[in-house]
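Structural description and commentary
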Amino acid sequence: ADVAAKGASALPSFRYAGPRLHEGGRTVILGDCVHTVKPYFGLGANSALEDVQILGDILSNASSSDAAPNYGDAVRQFTDRRAADSRALVTLSRGLDRPGKLGTMRFVLPLILDGMFHKLAPKLFAPGIFGMFQLEGVGFRQIQRRKRLDRVMQSLVILGGLSAAGAGA
């Protein structure tokens, strides 16, 4: 009965805990502790698994030499390798969740434009953001940069088309 009477709750804010993803020489933060994101598309769970894989690789490399492992260097390497992607992931997630009609347009219009431009010129324009999330070996920082480049190129094409149409009228 108490659960049914409880009011609706909002999703948590999307936060980035960086720029440092470690504390001292033996503690790292990962997953939702670093990057709270939209609970869609498996972004949170999958990026947490990426965090674990990268940390595991770093720790394996640190302990593969004959010398004693330097965990302080390992946790700093984790920060160096994951901080930019973690920040980009949160920024991308925020962009997918803007409130109101303007927020909806900022979400829907890029999806439409990405689909159209990628279909017309797939070698020039990247797939939409959700398609890019599925590409193996492409980090969130790379996605963020590519989508910015696509927006600039799309704007130039649209403005050029409008200018040509205006000059022809």
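Refer to the structure presented above.
Residues numbered from 1 in each chain as written. Predicted model: local features only at pLDDT ≥ 70, side-chain atom pairs only at ≥ 80, totals over all residues. Heavy atoms only, no water.

1. Quick look at the overall build of the protein chain
Of the regular secondary structure elements, the protein chain holds 6 helices and 2 strands. Taking 15 Å as the expected radius of gyration for a compact globule of 169 residues, we find that the protein chain reaches 21 Å, considerably beyond that expectation. Residue burial in the protein chain is summarised as follows: out of 169 residues, 30% are buried. Long-range contacts, defined here as pairs at least 24 residues apart, represent 60% of the contacts in the protein chain between residues at least 6 apart. Accessible surface computed for the protein chain: about 10,900 Å², of which carbon and sulfur atoms make up 59%. On the protein chain, the mean spot of the 21 positive side-chain charges and the mean spot of the 14 negative ones are 10 Å from each other. (Helix = DSSP H or I, 4+ residues; strand = E, 2+ residues; numbered from the N terminus. Rg over C-alpha atoms; globule rule 2.2 N^0.38 Å. Buried < 20%, exposed > 50% of the residue type's maximum accessible area, 1.4 Å probe, protein only. Contact = heavy atoms within 4.5 Å. Areas by Shrake-Rupley, 256 points an atom, 1.4 Å probe, with all protein chains shown as cover. Lys, Arg positive; Asp, Glu negative; His and termini not counted. Charge placed at Lys NZ, Arg CZ, Asp CG, Glu CD.)

2. Side note on helix 2 (residues 43-63)
Over its 21 residues, helix 2 runs 30 Å from end to end, which matches the ideal 30 Å to within 8%, given 1.5 Å per residue. Of the residues making up helix 2, those classed as buried are Leu43, Gly44, Ser47, Asp51, Ile54, Leu55, Ile58 and Ala62. Along helix 2, the residues classed as buried sweep out an arc of 100 degrees about the axis, all on the same side. Residues Ala45, Leu49 and Gln53 are exposed on helix 2 and point more than 90 degrees away from its buried face. For helix 2, the secondary structure elements touched by its buried residues are strand 2 (27-28), helix 3 (71-95), helix 5 (129-133) and helix 6 (140-168). (Expected span 1.5 Å × (residues − 1). Arc of directions from axis to C-beta.)

3. What to know about the nonpolar core
The biggest cluster of nonpolar side chains holds 23 residues, and the ones touching the most others in it are Phe133, Phe140 and Ile143. Going through the elements one at a time, helix 2, helix 3, helix 5 and helix 6 are the ones with two or more residues in this core. No other element matches the 7 residues that helix 3 contributes to this core. (Core = buried A, V, L, I, M, F, W, Y, C linked by side-chain atoms within 4.5 Å.)

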